[in-house]
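Architecture and fold: a report
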Amino acid sequence: MTTKTAERAAAQVTESTSLRRLEMVRRLWAWVFLVILVVFFTVAAKSLNDTNFLSARSIQGILVYATQILLVGLGQTLVIITGGIDLSVGWTLGLAAVVAALVMQALHAAEVSPVLVITAGALAGLAVSLIPGFINGWLVARVKVPPFIGTLGMGGVVTGAAFLLSGGYPIAKQPPYLGQLGNGYLIYLWPGQGVTFLSPPPDLAGEQLRELVPLIPNVVFVTAIVVLLVWFVLSQTQFGRHIYAVGGNFEAAVRAGIPVRRTLIQVYILAGLMAGVGGVLWAARFTSGAPDAGETTTLTAVAAVVIGGASLFGGEGTIVGTLVGSLIIAIIQFGMVILGIVPFWQYVAVGTVVILAVVVDQFGRALGK
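The sections below set out a description of the structure shown in this document. (Residues numbered from 1 in each chain as written. Predicted model: local features only at pLDDT ≥ 70, side-chain atom pairs only at ≥ 80, totals over all residues. Heavy atoms only, no water.)

What to know about the packing of aromatic side chains
- Following the criterion strictly, the structure yields six aromatic pairs and no others.
- On the numbers, 5.1 Å between centres and 70° between planes, the contact of Phe 40 with Phe 41 is edge-to-face.
- Ring geometry for Trp 282 and Phe 286: centres 4.6 Å apart, planes at 35°, overall tilted. Here Trp 282 pairs with Phe 286, and both are found in helix α11 (residues 260-286), just four residues apart, close to one helical turn.
- Judged by its relative accessible area of 39%, Phe 286 falls in the partly exposed class.
- Put simply, the rings of Phe 40, Phe 41, Phe 53, Tyr 65 and Phe 334 pair up and form one aromatic cluster. (Phe/Tyr/Trp six-rings, centres within 6.5 Å; stacked < 30°, edge-to-face > 60°. Helix = DSSP H or I, 4+ residues; strand = E, 2+ residues; numbered from the N terminus. Buried < 20%, exposed > 50% of the residue type's maximum accessible area, 1.4 Å probe, protein only.)

Next up, the structure:
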């Protein structure tokens, strides 16, 4: 081997190593940023107002913050992997919350049993969320309407429907047990006394009540189950492989015999359904239904998906990445509240992180070519 050949081979090895490192940075930067945020807010909260940012209560508060973003982000992840986007999901969440609240309000007024009230309200909210999801999928897959335009228009339709059904006001007068369920915990630990599930021990007051340690908010538990289900569908099933194939190379997916149209319709239906789950949980948490319940959630969900490493060009994205992106946004929001920062700065912070995510992604891709 000549000297020039050896030098060329060494240069290729060095370049290949550098590209692998850059690819690793592109894929792992969100995890590093998540750790940096936790350290920053932990130090800042302790220094400025002597608050423990990593207490059990704070961690559970962050997880509750993340649930709505994550639920909508799950459906958005599937859509973005196919190369599309759904701008109607936030308003679909509001419509689901309104419908669920209306049904529960009517059944409670008719003195129907609590189990039937909550079950019927939840099913109604989920059912109505399937409608805009199906129409979005049909427009994109059958009529070939660009996802941005089709889902933007559907967002307007859903918004109008939610405001018409609610009369422009939150749907109040909900059953009292709804808030207990939506804001309750799966486990209540009473140190030295025992554990109860779903509700605290009866007749606690004063010091005893302060000693009680609530663990795992109900909304977090439900969200965790949904996350596991969607992760399984995307990573372990043929349908999940079809989603990646459609976004990776549309024409190749068609030639390979993949049912592209059906896959797209199913993906948008799932996006609507995830928004519906978010809307039902919103109604339970706030014992109300508001048409603007998910007004900002569409953008924060897209932000979570992008921060988590999904490509807006399709073919890339993971549920774990969306989970990390949702936690980053939730930590920013929760941390700013803890520090007493004006809430409007949350938009600036989240927007900056999204821009950073896109820059890192594009920079890594450009170097990898």
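Now that the structure has been shown, the text picks up again.
Some points on the sheet that holds strand β2 (residues 194-197)
- Read across the sheet, three strands follow the order β2-β1-β3 without closing on themselves; strand pairing throughout is antiparallel. Strands at the two margins of the open sheet, each flanked by one partner only, are β2 and β3 (213-217). If you compare each strand with its neighbour and ignore which way they point, the axes differ by 20° on average.
- Sheet analysis places strand β1 (residues 185-190) next to β3, joined by four bridges and oriented antiparallel. Pairing of Tyr 188 across the sheet is with Pro 214, part of β3. (Pairing = 2+ DSSP bridges. Axes fitted to C-alpha atoms, helices over the stretch in contact; angles between N-to-C directions.)

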